[in-house]
Every structure is written in C-alpha cells, then in structure tokens.
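One-letter residues, chain by chain:
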Amino acid sequence: MKALTIIESRFVPINIENIDTDQIIPARFLKATTKEGFGKNLFRDWRYENDDETKPKADFPLNQSQYSGEILVAGKNFGCGSSREHAAWSILDHGFRVVVSSFFADIFKNNALNNGILPVQVTDEFLQKIFEQDNETALTVDLAKQTIRINSTGEEESFAINSYKKTCLLNGYDDIDFLLSNIEEIKQYETTIN
C-alpha cells in the first residue's frame, strides 16, 4: 500500500445520506478477481443514463469538471449495506485516498482501512460546513495529528482512528507488512520464551 500522511486536496461532494455499497459499486461488477478497474464503475448507476458510458448524467458530481481531488465527502451513514470489499477497491481505484462523512458503516470502515483509504468521521455540523464550501476549497487531512481542516476558513476538527491502523496507513503497511516490520522483535521474543 501507499503511505498516507497528509492529504491536501480539493474534494468531491456527494451530499447524500445512507449511500450503500451497492450504490458505490453495483453487484453486476463484482466478477473480477483483482482490485484494478473498479474505479470506472464507481457510482455507476448514478453516473450514467441507462448504464451507457456515453451518456453521463450532468448533475452528478463525478461528471462535473469543477470537482476533483483525492477526498470524497459524503452524507451520513456512508458504506452501509453489504460487506463487499469491492466498494473500497472502487473508491481507491478512482483516485480517492480519504472519505469524509459523519458516520461510516463498520464493515466499510474496516475494508477502507485495510485497503489504504482513510475514513474520516466528523460531526454533522463540520460535515455541513464542508458541503457549504465552493469547488475551489481544499481540505487538509493530517493523519499523524488526526485532524481535518477547511483551508479557506481555518476551521479544524479532530477525528479518531485505531492506533494499529494509523501506524499501518502512515507506513503503507498491510497486515503482513506490519508483521515483517517487527520481525526482529518477534525473533527476540521467541528466543526469550524458549
């Protein structure tokens, strides 16, 4: 995985609550066995008329050129529904490293963290302040400090993250990489108990 420390980026707003994993990546696209290529089908049914890539829906933010960046900002209860890990794959493959919401479904949150995506949970009030910003506004997410800032106003909020997952994201580790990074300590421990 790619390490994640500080992300300063414009954001793509999807101000919709209760976005479930079938809306993130429809079930008909779950046949692939690798993580690549899922980004083109992110929010597929919301992005295109009659599933036709030549007919993008002009009112959907991913189809609007004024929105870009590595941060996706979504309404409350993001990632609810089924446990499909493909939802995280599609978000990452599209180019997002951070998802901001005021609430995440637990399974989605864990899948995101396991795939190098940082889910940043903020208060409802702070989320609304983000949605009120214009399309030129950047956000700064600092994983080490566990803060998110609206650059144009300077308003900032802290967010929580599991310390193990924080270490993994900061270093670009998956679970195996983390174990390998501690191999000398593991060997030393094994010699002391034998």
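That block above? That's the structure.
Right, let's walk through the structure included here. Model, not experiment: these values are computed from the prediction.

### So, the nonpolar core
So, point 1. Membership of the largest hydrophobic core comes to 25 residues, with the highest contact counts inside it found for I24, F43, L72, F78, I91 and F108.
So, point 2. Mapped onto this core, the elements with two or more residues apiece are strand 1 (6–14), strand 2 (71–74), helix 3 (86–94) and helix 4 (106–114).
So, point 3. At four residues, the largest contribution of residues to this core is made by helix 3.
So, point 4. With 23 residues, the next largest nonpolar core counts F11, V73, V100 and I161 among its residues.

### Section: the sheet that holds strand 6 (residues 147–150)
So, point 1. Overall, mixed pairing links the seven strands, which are arranged 4-3-2-1-5-6-7 in an open sheet. Edge positions in the sheet fall to strand 4 (118–121) and strand 7 (156–158), since each of these pairs with one other strand and no more. Neighbour to neighbour, the strand axes of the sheet diverge by 25° on average, direction disregarded.
So, point 2. Note: strand 1 against strand 5 (residues 138–142), five bridges, orientation antiparallel. Residue pairing across strands places I7 opposite V141, the latter belonging to strand 5.

### So, the pattern of salt bridges
So, point 1. On inspection of all chains with the given rule, the structure shows ten salt bridges.
So, point 2. Among the ionic pairs, D22 bridges to R84, the shortest N-O distance being 2.9 Å. Here D22 is found in helix 1 (residues 21–24), whereas its partner R84 is found in the loop between strand 2 and helix 3, with 62 residues between them in sequence.
So, point 3. Its relative accessible area of 16% is what places R84 among the buried residues.
So, point 4. In this structure, K129 and E155 form a salt bridge, with 2.8 Å as the shortest nitrogen-oxygen distance. With K129 in helix 5 (residues 124–131) and E155 in the loop between strand 6 and strand 7, the pair connects residues that are 26 residues apart, well separated along the chain.
So, point 5. By relative accessible area, which is 33% here, K129 ends up partly exposed.
So, point 6. Residues joined in a network through salt bridges with shared partners are R28, R44, D45, D51 and E53.

### Description of the side chain of R44
So, point 1. Its place among the elements puts R44 in helix 2 (residues 44–47).
So, point 2. With residues up to four places along the chain from it excluded, the contact list for R44 reads Q23, P26, R28, F29, D51 and E53.

### Focus: the packing of aromatic side chains
So, point 1. Enumeration over the complete set of coordinates arrives at eight aromatic pairs.
So, point 2. Measuring from centroid to centroid gives 5.1 Å for F78 and F108, while their planes differ by 80°, and the two rings are edge-to-face. Of this pair, F78 sits in the loop between strand 2 and helix 3 while F108 sits in helix 4; the two residues are 30 residues apart in sequence, bridging distant segments of the chain.
So, point 3. Residue F108 is classed as buried on the basis of its relative accessible area, which comes to 3%.
So, point 4. Taken together, the aromatic side chains of F43, W46 and F60 make up a single cluster linked through ring pairs.

### Digging into the packing of helix 3 against helix 4
So, point 1. Between helix 3 and helix 4, the least distance of the axes is 8 Å, while the angle of their chain directions is 50°. The pairing of helix 3 with helix 4 is recorded here as oblique in orientation. Our pair here, helix 3 against helix 4, has a crossing hand that is right-handed. Facing helix 3, whose interface residues are A87, A88 and I91, helix 4 presents F108, N111 and A112.
So, point 2. Residue composition of the contact of helix 3 with helix 4, grouped by class: five nonpolar, one polar and no charged.

Cut-offs and rules
- Residues numbered from 1 in each chain as written.
- Predicted model: local features only at pLDDT ≥ 70, side-chain atom pairs only at ≥ 80, totals over all residues.
- Heavy atoms only, no water.
- Core = buried A, V, L, I, M, F, W, Y, C linked by side-chain atoms within 4.5 Å.
- Buried < 20%, exposed > 50% of the residue type's maximum accessible area, 1.4 Å probe, protein only.
- Helix = DSSP H or I, 4+ residues; strand = E, 2+ residues; numbered from the N terminus.
- Pairing = 2+ DSSP bridges.
- Axes fitted to C-alpha atoms, helices over the stretch in contact; angles between N-to-C directions.
- Salt bridge = Lys/Arg side-chain N within 4 Å of Asp/Glu carboxyl O.
- Contact = heavy atoms within 4.5 Å.
- Phe/Tyr/Trp six-rings, centres within 6.5 Å; stacked < 30°, edge-to-face > 60°.
- Parallel < 35°, antiparallel > 145°, perpendicular 65-115°, else oblique.
- Left-handed = near helix turned anticlockwise from the far one by under 90°.
- Nonpolar A, V, L, I, M, F, W, Y, C, P; charged D, E, K, R; others polar.

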